[in-house]
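Single-letter residue listing:
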Amino acid sequence: MNFKNTILIIFSAILTFSALYAPQPLLPILSKEFNLSASTSGLIITFTLIPLSFSPFLYGIILETVSARKIILMALLLLGLSEIMLGFAVSFYQILGIRLFQGVLIPAILTSLMTYVSKLSNAENIQRVMSIYIASTIVGGFAGRAISGLISYVFNWRISFLFLGVCLIILVFFVKSLEKDVTLSVTRPKFSDILVVLEDKKFLVVFISIFLSFFCFAGLLNYLPDHLSKLSSKSNELKTGLAYSGYLMGVVVSLLSVKVIALLGYRKSLILGSTVYIMALLLFQMDNLLWIYINMFIFCGGMFMLHSVGSGFVNKNADKNKGIVNGMYVSFYYFGGIIGSYLPGLIYEKYGWSSFLILLSSMAGVILLLNLFAHKKLI
């Protein structure tokens, strides 16, 4: 894949993930604006994750013969317009409806981008290009949070959505120059094939692990802004957005995960990741702003170790039904995010931050136990 196409794919991934996570540091502001509880405002993230939990199968059916380039163009345009609509939303329910619509668009873009990358890359550089793509999604997750926090702090929350919408629409004009028109080729899942995959214990262990991983990740990141606002009267959208700086640790971990796997193997790498994850969750009990900022790097390092190793494992071991195995992995991942972005908030509201962290740490402990006691031949 040539340099121009690579740059366009990178920016498309960055802006798409920015749109997915841009509202997160703004949740306390939106809670005040629309008089919402922390768990209710968390639905702004939850609603966008819902389509992501089943879309790998849905798009395998709908988009099998559709041009990837056309999907990218149309979905990016609609995503940009929907961001502008968010900037003018006058009710919480309007925001939820728009965010649900975005949840349908985002997987269409990501599926098409990954297909485009795989089709235009040869066997020699596919791993390098995919690593760059994954790193771009991580950068997008941080940029969306940090930039929306900055713009909201300087101007207001509506401007942050309008800015992102304009950027997405401008990007569409550049994406038109993508050189080749690629057709998607995604496996159409059958229910019997799904059962076969779920009966394979080595995959099931990873699926449950990644479900619980993103459950904890979405929960912590969704309610951290509210905790920071209560921890310090000086907290604002800018400081909250910068608290997500640790997210960039994912870029480093993703690029180093291949070496870690080569050194420790998949099972021990998952044990390492889950141990770091639990430690970081417990350390969030320390009510110190500087420490929270530092600990975010540890927390994100553990999460992305689990994610990088888990996704690598399923791709390496899926001799058949590869598309279905990947689809199941993504579905378990985002379904964990759906549950984690809302339910822990009920504990947080009723029992406080410490009880909230105990819940998340317990879920991370299950990940560790799964991988400690999983038979060595499985992973």
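This text follows the structure it describes.
All figures in this text were calculated on a predicted structure; none of them were measured in a lab. Each residue is numbered by its place in its chain's sequence as written, counting from 1. Given that the model is predicted, a residue must reach a pLDDT of at least 70 before its local features are reported, and side-chain atom pairs must reach 80 or more before they are shown or counted; all residues, however, enter totals for whole chains, interfaces and linings. The side-chain figures draw on all heavy atoms in the structure; neither hydrogens nor water molecules are used.

### Some details on the environment of Leu8
By the criteria applied, helices consist of DSSP H or I runs no shorter than four residues and strands consist of E runs no shorter than two, each listed in order from the N terminus. The residue Leu8 is located in helix α1 (residues 3-21) in this model. To sort residues, take the accessible area from a 1.4 Å probe on protein chains only and compare it with the maximum for the residue type: under 20% means buried, over 50% means exposed, and anything in between is partly exposed. According to the relative accessible area criterion, Leu8 is buried, its value standing at 9%. It is 7.8 Å that separates the C-alpha atoms of Leu8 and Leu178, two residues lying 170 residues apart in sequence. Should any heavy atoms of two residues lie within 4.5 Å, those residues are counted as being in contact. Excluding its chain neighbours within four sequence positions, the residues that come into contact with Leu8 are Phe174, Val175, Ser177 and Leu178.

### Here's the deal with the nonpolar core
In this structure, Phe217, Leu220, Tyr247, Tyr277, Met296 and Phe299 are the most contacted members of the largest nonpolar core, which totals 108 residues. At 15 residues, helix α11 (residues 201-231) tops the list of elements feeding residues into this core. Look past the residues within four positions of Tyr277 in its chain and what remains in contact with it is Ser213, Cys216, Phe217, Phe299, Gly302, Met303, Leu306, Ala364 and Ile367. Side-chain atoms within 4.5 Å link the members of a nonpolar core, which is a set of buried Ala, Val, Leu, Ile, Met, Phe, Trp, Tyr and Cys residues.

### Observations regarding the packing of aromatic side chains
Only Phe, Tyr and Trp rings are paired, with Trp represented by its six-membered ring, and only when their centres lie within 6.5 Å; those with planes under 30 degrees apart are stacked, over 60 edge-to-face, the remainder tilted. In total, this model carries 24 aromatic pairs according to the counting rule given. Their ring planes at 15° and their centres at 5.1 Å tell us that Tyr277 and Phe299 sit as a pair that is stacked. Separated by 22 residues along the polypeptide, Tyr277 in helix α13 (residues 249-283) and Phe299 in helix α14 (residues 289-317) bring together distant segments of the chain. With respect to burial, Tyr277 and Phe299 carry one shared label: buried. Consider the rings of Phe284 and Phe299, whose centres lie 5.6 Å apart with planes at 80°: the pair is edge-to-face. In this pair, Phe284 sits in the loop between α13 and α14 while Phe299 sits in helix α14, placing the two residues 15 residues apart along the sequence. One exposure class covers both Phe284 and Phe299, and it is buried.

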